[in-house]
Amino acid sequence: MLEPGAVKGQAASQLEKVWRVKQRPSRRRHRTFVRVTIVVGALILMAAAAAAWLSFKANQIKAELQAATSVSAQLKDQLLTHDDVAAGGTLRELAAHTQAARSAVEDPIWTLAGAIPGFGHNFSAVSEIARSADDVVTGTAQPLLKVISSLDWESLKPINGKLNIEPLRASSPTIVSAANTLDLTHSRLVALQSGNLVPSVAVPLDNATSELSELRATLDTAASVSKVLPTMMGASEPRNYLVLVQNNAEIRATGGLPGALAVLRVDNGSIQLTDQSSGSAIGKFQPPVDVDPEQTQIFTSRLGTYISDVNLTPDFPTAASSAKKMWESRHKASIDGVIALDPMVLAHLLEATGPMKLTGAALPVGTDLPTDLTAKNVVQTLLSDVYSKLANNTAQDEYFAVVTREVFSGLTSGRASGKNLIEALTKSADENRLFIWSDHADEQKILAGTALGGSTSGPSVGGATFGAYFNDGTGAKMDFYVKRTVQLIQECPVDGYARVKVRVTVSNEAPLDAATALPTLVTGGGLYGVPPGSVQTNVVAYGPAQAQIETVHQDRVKTAFGSQLDGERPVGTLTTRLKPGQKSAVEFTFGKIVQSDDPALIVTPTVQPVDDVILAPKLTDCAAG
């Protein structure tokens, strides 16, 4: 047996063991809690440090990109004034800012932040903006400036009737590569816009994408032209081009009635004016020449009946193909392509060459038409004075022929500087006043993707593109007195689809006594059923592919209209007739628009400056309704 004291001692020993056993988990939990606390504290400190670091990087990136934006504006001004030396220094400064921004976004912590659920895509978007800015500088701006600086601009103008095409051939690979870089960069930024980004990221992204979109269109055109121009200028074999001088006083969808015609022959850069004629001399085709049936259904068989009506369609390839067939039928000569321009293009060219004297020309006797054509008087002279001061079509055709010869002679003699000549042609193309079509499939494929191609379908009119085109129904030269505006109005979406209204205003600003004050050659004298002094216009509106034209209103009254399809594009037509002093507003409403990009607008070039015709888009306040 055990002594009581021993039992008591043994019991105490057992209790101590039990106590120790019970205490071990508690101490472990305490030590674990301490460790967790230390880890959490460390993580909090790391997160705070990371947040501070990210904030520092964000401010650094923002500062560098803002500096780059400021410097790029300076670079643009220097390029416009052809200060290539200063532009080189500015471009190096710009590159330093974009490279610093790119380096900042490639920081490991910034890169990891891009993986944060729900918000990380904002960090990734900023990274892409910074990389894109640097890519544009290093892959587009720097190579292009090198080309521009090395070019002898005077070699880009014709001298004694010959253009040296070698500089363009040599620079083409660089221009094409720069355009490709810009295309890829633009595509990457567009892909980012679908994300749900915070405003501080979304706004600069939208701005950058918009700026690149405008630059991309210009550079793509330059790249395309650089690829095809040498062969089109006869580098491989001689070429013949039919030139249509469009008369905006009698409006057509691509600009105006092709009244004066000429043929240019080019052979390895050498340019000659080999033939001239007029629309009236070409005459009527019966039966009509073959034209695309879909175009004929929309714009009637007149497309193939008269060369003056080939461009009732806004699709220049269709018009050019018809004009080629007509000329070849009458003149038995092969045509390799067609060029269209209007008197405003001549005005831009005269800005480059200076005044042009009509020396040695058989000018009509007894008129006070100017013998010196300038950028300021050429439009008034060719679109108005010719009809008020010359008695008949024959005299007018002779005057236009004289002007065409003298302008061509002035251009090919080398009077204009290379830079001024390029600027004049670029401005004309930007205003949709200069179109080119080639009968050679490989060249036409490239031209069709540019604004110069004048297509109503294909890559040059992708996305939410709208068109407003005008065709004269008066049968006279009254469009010199017509003023127009066109505006896109983005309406509230319906059933998830975008909805856009094309608002066209037309006003007849001829003198109130135009019926008697203006010559019959101008008013038409009622020959086609339109009272003298009044103006009849067929207004044609195009919507984006797959959209639907829903309604048309004239002066706020719903009205009947013509509805057709050009490929997948809906087409609406309505005819207006206005007396002197009258004005009318026509609204075409397009719905079921599937494209998500900002709507774009193309209009018929008229006597007015394009900036006066196309008004800023209007956005309906859907939240208010």
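Fair warning: this is a prediction, and the values are worked out from it, not measured in the lab.

Chemist: Looking at this structure, how should I read the overall build of the protein chain?
Modeler: In terms of regular secondary structure, the protein chain is built from 17 helices and 18 strands. Residues classed as buried in the protein chain amount to 46% of the 625 residues present. Taking the contacts inside the protein chain whose residues are at least 6 apart along the sequence as the reference set, 72% of them involve residues at least 24 apart. When the accessible surface of the protein chain is summed, it comes to about 30,000 Å², and 56% of that surface belongs to carbon and sulfur atoms.

Chemist: When you look at the state of the cysteines in this model, what are you seeing that I'm missing?
Modeler: Each disulfide is one covalent bond, formed between the sulfur atoms of two cysteines. Following the criterion strictly, the structure yields one disulfide and no others. Two residues share a disulfide in this structure: Cys492 and Cys622, whose sulfurs sit 2.3 Å from each other. Its S-S torsion of approximately -115 degrees makes the covalent link between Cys492 and Cys622 left-handed. Here Cys492, found in strand β9 (residues 482-494), pairs with Cys622, found in the segment after β18 (618-619); they are 130 residues apart in sequence, far enough to count as distant. Judged by relative accessible area, Cys622 falls into the partly exposed class, the value being 34%.

Chemist: Please clarify how the nonpolar core should be interpreted in this entry.
Modeler: Among soluble globular proteins, nonpolar side chains are generally buried collectively. Counting 83 residues, the largest nonpolar core has Tyr399, Phe466, Val486, Val502 and Phe588 as the members making the most contacts within it. Examining the composition of this core, we find that seven residues originate from one element, helix α10 (residues 343-353), more than from any other. For Phe588, the contacting residues outside a window of four places in its chain are Val500, Lys501, Val502, Val539, Ala541, Ile549, Thr551, Val552, Gly572, Thr573 and Leu574. Grouped together as the second largest cluster of nonpolar side chains are 30 residues, Ala253, Ala320, Phe435 and Val571 included.

Chemist: I keep staring at the sheet that holds β9 and nothing clicks. Help me out?
Modeler: Strand pairing within a sheet occurs via backbone hydrogen bonds; the two strands may be parallel or antiparallel. Taken in spatial order, the six strands make up an open sheet running β13-β12-β16-β10-β9-β18, and their pairing is mixed. Edge positions in the sheet fall to β13 (557-558) and β18, since each has one partner strand and no second. Relative to β18, β9 is paired through two bridges, and the arrangement is parallel. Note that in β18 the partner of Ile489 across the bridge is Lys618.

Chemist: Hey, could you run me through the packing of helix α2 (residues 84-105) against helix α4 (residues 120-150) in this one?
Modeler: Close contact between α2 and α4 brings their axes to 9 Å; oriented N to C, the two are set at 160 degrees. Considering their axes alone, α2 and α4 lie roughly antiparallel with respect to each other. Handedness of the crossing formed by α2 with α4: left-handed. Along the lines of polarity and charge, the residues of the contact of α2 with α4 split into 13 nonpolar, seven polar and five charged.

Chemist: Mind showing me how you'd approach helix α13 (residues 418-430) here?
Modeler: One full turn of an α-helix is made of 3.6 residues, so residues set three or four places apart face in the same direction. Its 13 residues place the ends of α13 18 Å apart at the C-alpha level, agreeing with the 18 Å of an ideal helix rising 1.5 Å per residue. Where α13 is concerned, the buried positions are Gly418, Lys419, Leu421, Ala424, Ser428 and Ala429. For α13, the elements touching its buried residues are α10 and α12 (393-412). Asn432 occupies a position one or two residues after α13 and carries a positive phi of about 60 degrees.

Chemist: Would you mind going over the packing of α4 against helix α6 (residues 199-232) with me for this structure?
Modeler: Packing of α4 against α6 leaves a shortest axis separation of 11 Å and a crossing angle of 25 degrees. By the criterion of interaxial angle, the relationship of α4 to α6 is roughly parallel. For α4 against α6, the interelement crossing comes out left-handed. In this structure, α4 uses Asn122, Ala125, Val126, Ile129, Val136, Thr140 and Leu144 to contact α6, whose residues at the interface are Val201, Leu205, Leu212 and Leu219. When its residues are assigned to classes, the contact of α4 with α6 shows nine nonpolar, two polar and no charged.

Chemist: Even after reading the chapter, I still don't get the environment of Ala222, so can you show me in this structure?
Modeler: Here Ala222 shows up in helix α6. With 47 residues separating them along the chain, Ala222 and Ile175 place their C-alpha atoms 7.4 Å apart.

Chemist: I would appreciate a short explanation of the pattern of salt bridges in the present structure.
Modeler: Any two side chains of opposite charge can pair, given that their charged atoms come close. According to the stated counting rule, one finds 23 salt bridges in the structure shown. Residue Asp479 pairs with Arg484 through a salt bridge whose shortest N-O separation is 2.6 Å. According to the relative accessible area criterion, Asp479 is buried, its value standing at 2%. Residue Arg484 is classed as buried on the basis of its relative accessible area of 1%. Between Glu491 and Arg499 there is a salt bridge whose closest N-O contact spans 3.3 Å.

Chemist: How should I be thinking about the sheet that holds strand β7 (residues 435-438) in this particular structure?
Modeler: Taken together, the five strands give an open sheet; going across it, the order is β3-β2-β1-β4-β7, and neighbouring strands pair in mixed fashion. Every interior strand has two partners, whereas the edge strands, β3 (270-278) and β7, have only one. Taken over all neighbouring pairs, the strand axes of this sheet differ in orientation by 20 degrees on average, direction set aside. Bridge count between strand β4 (residues 337-341) and β7: four bridges; the pairing is antiparallel. Within β7, the position partnered with Ile339 by the bridge is Ile436. Contacting β1 (239-247), β2 (257-267) and β7, α6 crosses the sheet at an angle of about 115 degrees to β1.

Chemist: Where do I start with the environment of Val494 in this structure?
Modeler: One can find Val494 in strand β9. A C-alpha to C-alpha distance of 7.8 Å links Val494 and Gly591, two positions 97 residues apart in sequence.

Chemist: Even after reading the chapter, I still don't get the confidence of the model for the protein chain, so can you show me in this structure?
Modeler: For any part of a model where pLDDT is low, the fine detail of the predicted coordinates should not be relied upon. Across the protein chain, the average pLDDT comes to 86, with 88% of residues at or above 70. Across the protein chain, the secondary-structure element scoring lowest on mean pLDDT is helix α1 (residues 4-80), at 62, and the one scoring highest is strand β11 (residues 535-542), at 98. In the predicted structure, residues 1-12 sits below a pLDDT of 50 and forms two contacts with residues beyond four places in sequence or in another chain.

Chemist: I'm lost on the packing of aromatic side chains in this one. Help?
Modeler: Given two aromatic rings, their pairing is described by the distance between the two centres and the angle made by the two planes. Using the criterion set out here, one finds five aromatic pairs in the structure. On the basis of an interplanar angle of 50 degrees and a centroid distance of 6.3 Å, the ring pair of Tyr387 and Phe400 is categorised as tilted. Taken together, the residues span a long stretch of sequence, with Tyr387 in helix α11 (residues 378-389) and Phe400 in helix α12 at a distance of 13 residues. Ring centres 5.4 Å apart and planes at 85 degrees place the aromatic pair Phe480 and Tyr481 in the edge-to-face group. The same class applies to Phe480 and to Tyr481, which are both buried.

Chemist: When you look at the pairing of β2 in this model, what are you seeing that I'm missing?
Modeler: If a strand is regular, its side chains alternate between the two faces of the sheet. Counting buried positions along β2 gives nine out of eleven residues, so the element sits mostly inside the fold. Bridge analysis of β1 against β2 gives nine bridges, and the strand direction is antiparallel. Across the sheet, Arg239 pairs through a bridge with Val266, a residue of β2. Pairing of β2 with β3 involves eight bridges; the strand directions are antiparallel. Its bridge partner lying in β3, Leu264 is registered against Leu273.

Calculation criteria
Throughout, residues of each chain are indexed from 1 in the direction in which the sequence is written. Per-residue local features of the predicted model are confined to residues with pLDDT of at least 70, and side-chain atom pairs are confined, for both listing and counting, to 80 or more; whole-chain, interface and lining totals are unaffected and use all residues. Hydrogen atoms and water are omitted, and side-chain values are computed over all heavy atoms in the structure. Going along the chain from the N terminus, every DSSP run of H or I of four or more residues is numbered as a helix, and every run of E of two or more is numbered as a strand. Burial status follows relative accessibility: with a 1.4 Å probe on protein chains alone, a residue under 20% of its type maximum counts as buried, one over 50% as exposed, and anything between as partly exposed. Whether two residues are in contact is decided by their heavy atoms, any of which lying within 4.5 Å being enough. Accessible surface area values rest on a Shrake-Rupley calculation with a 1.4 Å probe, where residue burial reflects the displayed protein chains alone. Disulfide assignment relies on a single distance test, namely cysteine sulfur atoms paired within 2.5 Å. Grouping buried Ala, Val, Leu, Ile, Met, Phe, Trp, Tyr and Cys residues that are joined through side-chain atoms within 4.5 Å yields what is termed a nonpolar core. We treat two strands as partners when DSSP finds at least two bridges between them. Only the stretch in contact is used when fitting a helix axis, every axis being a line fitted to C-alpha atoms; angles between N-to-C directions are given from 0 to 180 degrees. An angle below 35 degrees is read as roughly parallel, one above 145 as roughly antiparallel, one from 65 to 115 as roughly perpendicular, and any other as oblique. Crossings are classed by handedness, with left-handed meaning an anticlockwise turn of the near helix from the far one by less than a right angle and right-handed meaning a clockwise turn. Each residue is assigned to one class: nonpolar for Ala, Val, Leu, Ile, Met, Phe, Trp, Tyr, Cys and Pro, charged for Asp, Glu, Lys and Arg, and polar for all the others, Gly among them. Take the residue count of a helix, subtract one, and multiply by 1.5 Å to get its expected span. The rule for a salt bridge is simple: a side-chain nitrogen of Lys or Arg has to be within 4 Å of a carboxyl oxygen of Asp or Glu. You can read pLDDT as the predictor saying how much it trusts each residue, on a scale of 0 to 100. Geometry of aromatic contacts follows a simple scheme: Phe, Tyr and Trp rings, the Trp one being its six-membered ring, pair when their centres are within 6.5 Å, and the pair is stacked under 30 degrees between planes, edge-to-face over 60, tilted otherwise.

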